[in-house]
Amino acid sequence: MNHQFSVETPVCTEQQRLLAECQKALEIWNEHRAEFCQFRFIGREAGDELLRSQAKYARAYTVLQNHERNCSLCQLASRMAGRDSENSSDTLFDNAMRI
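Keep in mind the model is a prediction, meaning the values are calculated, not measured.

Regarding its fold elements, the protein presents four helices and zero strands. When the helices and strands of the protein are read in sequence order from the N terminus, they spell out α-α-α-α. The 99 residues of the protein split such that 29% are buried.

As structure tokens, then:
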């Protein structure tokens with residue numbers, strides 16, 4: 001007699017929404033950095049736009065990280081997945097720093 005047990009990790013829709021926003025902000029920042037480097041934009045306007053996109057990513061990342069730290073559902077999901085010290089925002093941040 002085979003018994004299979006399945007445990008579903010709870011999903012926080014707010015965390016998923018914030019993660020998607022953070023990923024989008026990171027994509028935009030990366031696109032602006034690539035354009036800035038490729039075309040060697042010079043000027044205050046191009047630099048300001050690059051800084052704005054970086055700041056938007058930093059804000060989105062901070063909001064996501066704070067949510068994951070304060071949301072009991074996210075904490076439960078993290079423990080169930082065996083990621084007590086790691087969360088999705090840490091992984092996203094690590095990926096951003098490698099670029």
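So, about the nonpolar core. Grouped together as the largest cluster of nonpolar side chains are eleven residues: L18, L19, C22, A25, L26, W29, L50, Y57, A60, Y61 and L64. Listed by contribution, the elements that provide at least two residues to this core are α1 (13–39) and α2 (44–70). With six residues, the single largest contributor to this core is α1.

It is worth spelling out helix α3 (residues 72–80) at this point. Regarding α3, the residues found buried are C74, A77 and S78. Along the axis of α3, the buried positions cluster into a sector of 100 degrees, meaning they face one direction only. Contacts from the buried residues of α3 go to α1 and α2. A positive phi of about 75 degrees marks G82, the residue just after α3.

On inspection of all chains with the given rule, the structure shows three salt bridges. One salt bridge connects R17 with E14, and the closest N-O pair in it is separated by 2.6 Å. Of this pair, R17 and E14 both sit in helix α1, three residues apart, roughly one helical turn. Of the residues examined, E14 reaches a relative accessible area of 32% and is grouped as partly exposed.

Right, let's get into the packing of aromatic side chains. Evaluated as defined, the whole model comprises two aromatic pairs. The interplanar angle of 20 degrees and the centroid separation of 5.5 Å between the aromatic rings of W29 and Y57 together place this pair among those described as stacked. Highlighted residues: W29 in helix α1 and Y57 in helix α2, separated in sequence by 28 residues. Overall, the relative accessible area of 7% leaves W29 in the buried class. An aromatic cluster is present here, built from W29, Y57 and Y61 joined pairwise through their rings.

Glancing now at the environment of Q15. Along the polypeptide, Q15 turns up in helix α1. Given the relative accessible area of 13%, Q15 is considered buried.

Turning to the packing of α1 against α2, a few remarks are in order. In contact at an axis separation of 9 Å, α1 and α2 are set at 160 degrees when each is read in the N-to-C sense. One way to sum up the angle between α1 and α2 is to call them roughly antiparallel. When you trace α1 past α2, the crossing you get is left-handed.

Parameters and conventions
- Residues numbered from 1 in each chain as written.
- Predicted model: local features only at pLDDT ≥ 70, side-chain atom pairs only at ≥ 80, totals over all residues.
- Heavy atoms only, no water.
- Helix = DSSP H or I, 4+ residues; strand = E, 2+ residues; numbered from the N terminus.
- Buried < 20%, exposed > 50% of the residue type's maximum accessible area, 1.4 Å probe, protein only.
- Core = buried A, V, L, I, M, F, W, Y, C linked by side-chain atoms within 4.5 Å.
- Arc of directions from axis to C-beta.
- Contact = heavy atoms within 4.5 Å.
- Salt bridge = Lys/Arg side-chain N within 4 Å of Asp/Glu carboxyl O.
- Phe/Tyr/Trp six-rings, centres within 6.5 Å; stacked < 30°, edge-to-face > 60°.
- Axes fitted to C-alpha atoms, helices over the stretch in contact; angles between N-to-C directions.
- Parallel < 35°, antiparallel > 145°, perpendicular 65-115°, else oblique.
- Left-handed = near helix turned anticlockwise from the far one by under 90°.

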